[in-house]
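# What the coordinates show
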Amino acid sequence: MATTHGSRASLEKDPHEVASMFDGVAKRYDLTNTILSFGQDRSWRKATRSALDLKPGERVLDLAAGTGVSTVELGRSGAWCVATDFSKGMLQAGIGRQVPMVAGDAMHLPYADAVFDAATISFGLRNVSDFDAGLREIARVTKPGGRLVVSEFSTPVFGPFRTIYMEYLMKALPRVARAVSSNPDAYVYLAESIRAWPTQSELAQRIEAAGWRHVQWRNLTGGVVALHRASR
């Protein structure tokens with residue numbers, strides 16, 4: 001079993017523990033993300049929508065959608081988008097957004113086979129206890145030929161910047177979180193999980209091994225974030 005550190009999840013990523021942690025940060029989650037990313041979160045959401053190449057009327061799964069702010073962005077395409085997250089507290093915090101919301105675990109999605117034209121998971125794959133199984137489960141609910149975009153924190157490609165970024169993650173990020181977040185301890189876990197995450201090429205291999213094809217990626221903000229795109 002995973003252990004807790006105050007209100008912070010451990011890297012063993014017990015699903016109930018991680019969900020509880022996100023329940024605790026839900027109230028100020030969007031504001032905290034904008035501050036910690038220096039406002040880059042908005043451009044990352046737009047890049048994700050563009051990479052999915054959505055068409056009006058398509059059915060789209062927005063997994064790890066949190067409060068639904070990413071789902072609203074995806075919906076600008078005219079596609080029908082459903083927010084899905086295992087943290088009921090996060091979904092409740094976004095209840096005022098005019099998007100459908102469903103509570104669900106990435107490894108046991110409450111959807112039939114092959115119902116979505118496209119799927120995305122933004123900054124949430126790290127928090128799936130077995131993310132390889134999660135990728136296979138997303139493939140199950142996606143139609144043959146459907147698209148996947150994974151937006152996730154990654155490894156900066158420029159060495160000196162990578163060093164500065166890692167220092168920010170482990171030192172400055174928790175300090176900023178203490179000033180603005182409703183659960184600053186959670187951001188220590190988030191920083192540690194980013195450091196432990198696979199590189200861009202390693203993640204591409206894992207996505208392909210989970211049954212996806214034509215896996216490509218591109219870096220945003222110098223590799224702070226990477227968009228991985230694949231097809232079913």
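Residues numbered from 1 in each chain as written. Predicted model: local features only at pLDDT ≥ 70, side-chain atom pairs only at ≥ 80, totals over all residues. Heavy atoms only, no water.

What follows is about the overall build of the chain. Helix and strand content of the chain: 9 helices and 7 strands. For the chain, the residues scored as buried account for 53% of the 232 residues in total. Of all intrachain contacts in the chain linking residues separated by at least 6 positions in sequence, the fraction that spans at least 24 positions is 66%. By element, 53% of the accessible surface of the chain is carried by carbon and sulfur atoms, the whole surface being about 10,400 Å². (Helix = DSSP H or I, 4+ residues; strand = E, 2+ residues; numbered from the N terminus. Buried < 20%, exposed > 50% of the residue type's maximum accessible area, 1.4 Å probe, protein only. Contact = heavy atoms within 4.5 Å. Areas by Shrake-Rupley, 256 points an atom, 1.4 Å probe, with all protein chains shown as cover.)

This part is about unusual backbone geometry. The backbone phi angle of phenylalanine 123 is positive, close to 55 degrees, even though this residue is not glycine. Tracing the chain through its elements places phenylalanine 123 in the loop between β4 (116–122) and α6 (131–141). Phenylalanine 123 gets classed as buried once you look at its relative accessible area, which sits at 18%. Here histidine 214, not a glycine, exhibits a phi torsion of approximately 50 degrees, which is positive.

The sites that UniProt annotates as "binding site: S-adenosyl-L-methionine" (unreviewed entry) are Thr67, Asp85, Asp105, Ala106 and Ser122. From the set just named, the residues that line the largest cavity comprise Ser122. Judged by its relative accessible area of 3%, threonine 67 is buried. Excluding anything up to four places from it in sequence, alanine 106 contacts Leu63, Val128, Gly134 and Glu137. (UniProt positions renumbered as here; feature names shortened; annotations may be inferred. 1 Å grid on protein atoms, 1.4 Å probe; cavity = no way out; pocket = protein on both sides within 12 Å on 5 of 7 lines; lining within 4 Å.)

Moving on, we come to the sheet that holds strand β2 (residues 80–85). Spatial strand order, β3-β2-β1-β4-β5-β7-β6: 7 strands in an open sheet with mixed pairing. Only two strands of the sheet have a single neighbouring strand rather than two, namely β3 (101–103) and β6 (213–220). When strand polarity is set aside, the average angle formed by the axes of neighbouring strands in this sheet is 20 degrees. Bridge count between strand β1 (residues 59–63) and β2: 5 bridges; the pairing is parallel. (Pairing = 2+ DSSP bridges. Axes fitted to C-alpha atoms, helices over the stretch in contact; angles between N-to-C directions.)

So, about the pairing of strand β5 (residues 142–153). With respect to burial, β5 is a largely interior element, 9 of its 12 residues being buried. Pairing between β4 and β5: 6 bridges, direction parallel. What sits directly across from isoleucine 121, in β5, is valine 150. Taken together, β4, α6 and β5 form a β-α-β motif whose crossover is right-handed. Relative to strand β7 (residues 225–231), β5 runs antiparallel, the two being bridged by 7 bridges. Among the inter-strand pairings, valine 150 is bridged to a residue of β7, identified as histidine 228. (Right-handed = clockwise from strand over helix to strand, strands pointing away.)

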